[in-house]
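Architecture and fold: a report
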Amino acid sequence: MILDILVIIAMLSGLLFFVATTVGIIRFPDFYSRVHAAGKGDTLSTTVFLGGTIIYLLRDFSGDTLLTAGKLLLIVFYIFIASPTATHAIIDAGYEFRVPYWTRSSTHKGTEGDEANEETMDNGFYPEDLKG
Amino acid sequence: MISPRAVIWKTGCDIMDDLFYFIISKYNYWGAIILLFIGLYGMIVRNNLMKKIIGMVIFQTAILLFFVSIGVKRGATVPIIKFSPDKQPLLDPAAYANPLPHVLILTAIVVGVAVLGVALALLQKIQRVHGTIEEDEILEDMRK
Amino acid sequence: MTWDASLLWQFDILVLIMMVICAVTALALEGLLSSAIVTGVYSFLICLMWTHMMAVDVAFTEAAVGAAISTVIFLGTAQYISRWIKKDRSKEQGIKQLTIVIAVICAVMMLNATRDLPDWANPASPASTHLSPGYIEQAYHETATPNVVTAVLADYRGYDTMFEAVVVFAAALVVMVLLRRTSHKHRKVLHLRPKREGRDTVLRGAAQSIIPVMQIFALYVLFHGHYSPGGGFQGGVIFGASFILLALCYNLKFSMNRFREHLVLWCCAGGVLLYAGIGAACLGLGWNFLGYAALADLLGISGKMARSHGILAVEVGVGITVMAVMVSLYYDLASGGDLEDGL
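Residues numbered from 1 in each chain as written. Chains lettered and ligands numbered in written order. Predicted model: local features only at pLDDT ≥ 70, side-chain atom pairs only at ≥ 80, totals over all residues. Heavy atoms only, no water.

The next thing to look at is the overall build of chain A. Along its length, chain A carries 3 helices and 0 strands. Along its sequence from the N terminus, chain A presents helices and strands in the succession α-α-α. In chain A, the share of contacts with a sequence separation of at least 24, taken over all contacts with a separation of at least 6, comes to 63%. In the structure as shown, chain A presents an accessible area of about 8700 Å², 71% of it carried by carbon and sulfur atoms. (Helix = DSSP H or I, 4+ residues; strand = E, 2+ residues; numbered from the N terminus. Contact = heavy atoms within 4.5 Å. Areas by Shrake-Rupley, 256 points an atom, 1.4 Å probe, with all protein chains shown as cover.)

Moving on, we come to helix α2 (residues 49-70) of chain B. With 22 residues, α2 of chain B should cover 32 Å at 1.5 Å per step; its first-to-last C-alpha distance of 32 Å lies within 8% of that length. In terms of burial, α2 of chain B is largely enclosed, as 16 of its 22 residues are buried. (Expected span 1.5 Å × (residues − 1). Buried < 20%, exposed > 50% of the residue type's maximum accessible area, 1.4 Å probe, protein only.)

Moving on, we get to helix α10 (residues 232-249) of chain C. Taking 1.5 Å as the rise per residue, α10 of chain C with 18 residues should run 26 Å; its terminal C-alpha atoms sit 26 Å apart, in good agreement. Counting buried positions over the 18 residues of α10 of chain C gives 16, a clear majority of the element.

Residues and elements named next belong to chain A. Of the residues in chain A, 79% have a pLDDT of 70 or more, and the chain-wide mean is 81. At the level of individual helices and strands, chain A shows its lowest average pLDDT in helix α3 (residues 63-96), which scores 89, and its highest in helix α1 (residues 2-27), which scores 93. Scored below 50 in pLDDT, residues 106-124 shows 26 contacts in the model against residues more than four places distant or in partner chains. In the model, residues 128-132 has pLDDT below 50 throughout and makes 4 contacts with residues more than four positions away in sequence or in other chains. (pLDDT = per-residue confidence, 0-100.)

Before going further, it helps to examine the nonpolar core. Core analysis: the largest hydrophobic core is formed by 129 residues, its most contacted members being L65 and L120 of chain B together with M19, W50, F74 and Y331 of chain C. Counting residues per element, this core draws most heavily on helix α14 (residues 303-334) of chain C, at 14 residues. Two domains each donate at least three residues to this core, and these are domain 1 (7-90) and domain 2 (145-186 + 199-343) of chain C. Residues in contact with W50 of chain C, not counting those within four places in the same chain, are L64, L65, V68 and I109 of chain B together with A55, V58, A59 and E62 of chain C. Counting residues in each nonpolar core, the second largest holds 6 residues, with L203, I211, L246 and Y250 of chain C among its members. (Core = buried A, V, L, I, M, F, W, Y, C linked by side-chain atoms within 4.5 Å. Domains from an automatic or database assignment.)

This paragraph deals with the side chain of H102 of chain B. Relative to the assigned elements, H102 of chain B resides in helix α3 (residues 99-130). On the accessibility criterion, H102 of chain B (2% relative accessible area) is buried. At 3.5 Å, the side chain of H102 of chain B forms a polar contact with the backbone oxygen of N98 of chain B. Excluding residues within four positions of it along the chain, H102 of chain B makes contact with V68, P79 and A97 of chain B together with M54, A55, V58 and V149 of chain C. (Polar contact = N/O pair within 3.5 Å; in protein donor to acceptor, adjacent residues only side chain to side chain.)

Residue and element names in this part refer to chain B. By secondary structure assignment, the location of P101 is in helix α3. When the C-alpha positions of P101 and A6 are compared, they lie 48 Å apart, and in sequence the two are 95 residues distant. Once you skip the residues sitting within four places of it in the chain, P101 turns out to touch F67, V68 and G71.

Here the focus is the interface of chain C and chain B. The partner chain B presents 86 residues to the 105 residues of chain C that form the contact. Summing both partners gives a buried area of about 9000 Å² for chain C against chain B, and 74% of it is carried by carbon and sulfur. Contact with chain B buries surface across chain C, with L27, W120 and I136 of chain C losing the most and accounting together for 9% of the total. On inspection of chain C and its partner chain B, the count reaches 17 residue pairs in polar contact (both at pLDDT 80 or more). (Buried area = accessible area lost by both parts, 1.4 Å probe.)

Here the focus is the pattern of salt bridges. Residue and element names in this part refer to chain B. What the rule picks out here adds up to 7 salt bridges over all chains. Two residues, K10 and D14, come together in a salt bridge whose shortest N-O distance is 3.4 Å. In this pair, K10 and D14 are both assigned in helix α1 (residues 4-44), 4 residues apart and thus about one turn of the helix distant. Take D14: its relative accessible area is 36%, and that puts it in the partly exposed class. A salt bridge links E135 to K52; the shortest N-O distance between them is 3.4 Å. You can see E135 sitting in helix α4 (residues 135-143) and its partner K52 sitting in helix α2, a full 83 residues away along the chain. Under the relative-accessibility criterion, K52 is labelled buried at 17%. (Salt bridge = Lys/Arg side-chain N within 4 Å of Asp/Glu carboxyl O.)

This part covers the packing of α2 of chain B against helix α3 (residues 56-77) of chain C. Packing of α2 of chain B against α3 of chain C brings their axes to within 14 Å, and their N-to-C directions diverge by 180°. On the basis of their axis angle, the class for α2 of chain B and α3 of chain C is roughly antiparallel. Contact residues: M50, I53, I54, V57, T61 and V68 of chain B in α2 of chain B; V58, E62 and F74 of chain C in α3 of chain C. (Axes fitted to C-alpha atoms, helices over the stretch in contact; angles between N-to-C directions. Parallel < 35°, antiparallel > 145°, perpendicular 65-115°, else oblique.)

Here is the structure:
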């Protein structure tokens, strides 16, 4: 009974984090924050959701389900390593190519979206001695 | 006395039932056909060669979807023979999904990626020779 | 009328709608990189559909080959072509718009014709009652392989698989012939990439922890093809993908120092040679080409086990070929032919 509740909580919170990730990808103002939201939110939501699946499997304890739960744990571990690495690679590539980032300007307080903030995108803080 | 309104309502419900049943029992074919024609649109109408290649990929996977969905059986499981606890194979054909379309589609997927590799190599070569990958510009370039 | 849906049709219809949206988006987007990524999403969705339809071997292959490898080679090619489509779409008028009308008419006709096709997931449909029950019942007794798909792929339909290995080998050769060149003078890269010495710590650490596990998993998938979904193709693709991952996390040169080009070609050819060689050996011992029961008295085992080992040997051959072909495709496509610098 308590394992059932735990499974439901885990899956619902996994879905909640996933919805938050999607909202973040759509609503954040520039490239870096969007990829940040995607990477972190994706990893967390998948981990929590698969954790719920593992608990669901382990409700009836036997050799078979233990093996499957072990494999799922390996999948969680792999996603935990690979997804943030991919996020890092994407952001690194964007940084190398000087993708402009959003800064808040006083005349555009409260607006979102790149189009409204076009003139506040600047490359001001890139160090000059970045190896090109 | 059955009123005409009741008759029309019942006929309408029957038609909706028929339509619903028709969609539910054939939706895999419908999905495959719709994707087929989207892929065909991409391959024929779009000018950009990369879009044509993407249309080819969509077309291929639509056909594969059609073929695999033929072999699905209600209540069937993965076509790997299960064993009873005393090591006897459980060989009931209705309990396993049809394995023959899977075999053909395995081959088709790998051949599909081989064709995709060749298509992308041709794309790079065309870009190198003609300088563009839009179909009309390539035709103009070839006429020169 | 009743509909006994033990398969979840709501799930399937949702995934189909998402696939149609992905397909339309992939064709309508302006940026070619984005279209390539959306095509990868499309492949993942169809993989999900196939898992739901209990076609796990197909889903495995599609996930490894369609979603991963084809996205990587799309992205590798996108470095060398112009990355945006032309805004001016006026050339797509006229006779091409007529195509849309004809396509819609044909689609409606085909949708009407599906009325005669057998219902979906009907166990009594002709596809499931003529030939396949025989295979399901006989495959384990004749080949000692619980995975019926592997048994049919490598034993009953062994010719198809051999020619498929030849086709991927030929594709690798064609890509090499089309693209390979050695002079740098004519290199016209449209978008300059900054030169990198090697990648940074995060990517190197992730590569060092993932790649050995990936290769062991690839060998597991290959050798367990008899008992679990998998087999030669999937194992070979995962093994090849581990080298592609090495090339992505470090340099192309780094990966090429470990798996040189001539060794790649040897592996491509060697896998096909292994497959056809086993067939020829069976022919030489007096049986049919690819009739593995000929190996029974050679190895001193029963006919069933000889067929099982024959299946394993040809799967190893296919795996070697597919691994080398994926690596060769990446080397040639992602470097534009001169094998200097990759993605």
